[in-house]
Amino acid sequence: MGQAEWVTVPISTRDVEGPMFFTPHEWDTIEAASARIIPTDHHPGAREARVVRFIDRMLAGTQFIFAAADGHGFLRMEGHEEQAWAERIEQRRAFYRDGVVQMDALAQERAGVDFVELDPEAQDAVLEHLSGVERPRPFLVAEKDEAGLGGAPAGNQPVNEDFLEFFPLLVLNTRQGFYGDPVYGGNENRVGWGVIGFDGPPSLASTMDGSYTTRKYMVEGAEWPYDQHPEVLRYRRS
């Protein structure tokens, strides 16, 4: 049975206020960790975007995997596809549960408290330890930086989550929850889109019926290969 034949279940990631998978402690811990990955500064961060709700719903089961095309409800998976997704989710659940235990253990070693009780600097140190690399330094773009040294615009860069350990999985899911469509539980009030100046579709339905377009964000006249267009090349690092 293909997706076109799947039943739409009238549910929302916002039907329940709190956790559906996490324990309250796990919820608070993942929320705190994601808030250090995308911190709140002069813009909203992961906490305001409710990234933890996105992650919780992703781990809650197969009911929130495929949103209906009109944005109202989710498709109920069937058969082998549902079974395969259930197995993938079970693996991710184990990573997250073990990850919370690791963060608390490292926090206890440092200060005798759980991760959520650490100050931001100490939380960063725990996450840095988990990542195995130094914390990225702040990046500032010069006001008149015509060279575009910030790197090329992001393209379609699929990442297979099934092969990620806890910390890179948390980073990826934090980005997804911050910038993804609000229907999946994150990007509350579209704050993630607001941070990057993206208006976003008013609903998933508008992306299907042609009433919404991202044309204004495209480089006019660009042809394949897109990354060879002069307006894109100028963002390349030298």
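Whatever comes next refers back to the structure up there.
As the structure is a prediction and not an experimental result, all values here were calculated from the model. Residue numbers restart at each chain and count upward from 1, following the sequence in its written direction. Confidence filtering applies because this is a predicted model: local features only for residues at pLDDT of at least 70, side-chain atom pairs given and counted only at 80 or more, and all residues used for totals across whole chains, interfaces and linings. By convention in this description, side-chain values take in all heavy atoms of the structure and omit both hydrogens and water.

## Digging into the packing of aromatic side chains
Stacked, tilted and edge-to-face are the three classes assigned to paired rings of Phe, Tyr and Trp, where Trp is represented by its six-membered ring and a pair needs centres within 6.5 Å; plane angles under 30 degrees give stacked, over 60 edge-to-face, the rest tilted. As enumerated under the stated definition, the model contains 9 aromatic pairs in all. By the ring-pair criterion, three or more aromatic residues cluster together here, those being Phe21, Phe22, Tyr96 and Phe166. The aromatic ring of Trp85 is capped on one face by Arg88, whose charged end is 4.2 Å from the ring centroid. In this scheme, the term charge over a ring applies when either NZ of a lysine or CZ of an arginine sits within 6 Å of the ring centre and within 35 degrees of the ring normal.

## Digging into the pattern of salt bridges
The salt bridge criterion pairs a side-chain nitrogen of Lys or Arg with a carboxyl oxygen of Asp or Glu, the two atoms within 4 Å. Per the counting criterion, the structure on display carries 12 salt bridges. Across the pair Arg47 and Glu31 runs a salt bridge, and its minimum N-O distance is 3.4 Å. Of the two residues, Arg47 is situated in the loop between α1 (24–37) and α2 (51–59) and Glu31 in helix α1; the sequence distance between them amounts to 16 residues. Here Arg50 ties to Glu31 by a salt bridge, and the two come within 3.6 Å at their closest N and O atoms. A residue pair is termed long-range when its members are at least 10 positions apart, and Arg50 in the loop between α1 and α2 and Glu31 in helix α1 qualify at 19 residues. For the pair Arg50 and Glu31, a shared accessibility class is recorded, and that class is buried. Runs of H or I in DSSP of at least four residues are treated as helices and runs of E of at least two as strands, each being numbered from the N terminus. Each residue is placed in one exposure class: buried if its accessible area under a 1.4 Å probe, protein chains only, is under 20% of its type's maximum, exposed if it is over 50%, and partly exposed if it falls in between.

## Focus on the side chain of Asn173
The residue Asn173 is located in helix α5 (residues 166–179) in this model. By definition in these notes, contact holds between two residues if any of their heavy atoms fall within 4.5 Å. Residues in contact with Asn173, not counting those within four places in the same chain, are Val51, Phe54, Ile55, Met58, Tyr96 and Glu161.

## Brief notes about helix α3 (residues 79–111)
Since the α-helix packs 3.6 residues into each turn, any two residues three or four apart lie on the same face. A helix is expected to reach a length of 1.5 Å times the quantity of its residues less one. Spanning 33 residues, α3 covers 48 Å between terminal C-alpha atoms, matching the ideal 48 Å at 1.5 Å per step. Taken together, the buried positions of α3 are Trp85, Ile89, Arg92, Phe95, Tyr96, Gly99, Val100, Met103, Asp104, Leu106 and Ala107. Trailing α3 by a residue or two, Gly112 shows a phi angle of about 75°, which is positive.

No statement about biological role is implied by the geometric values presented.
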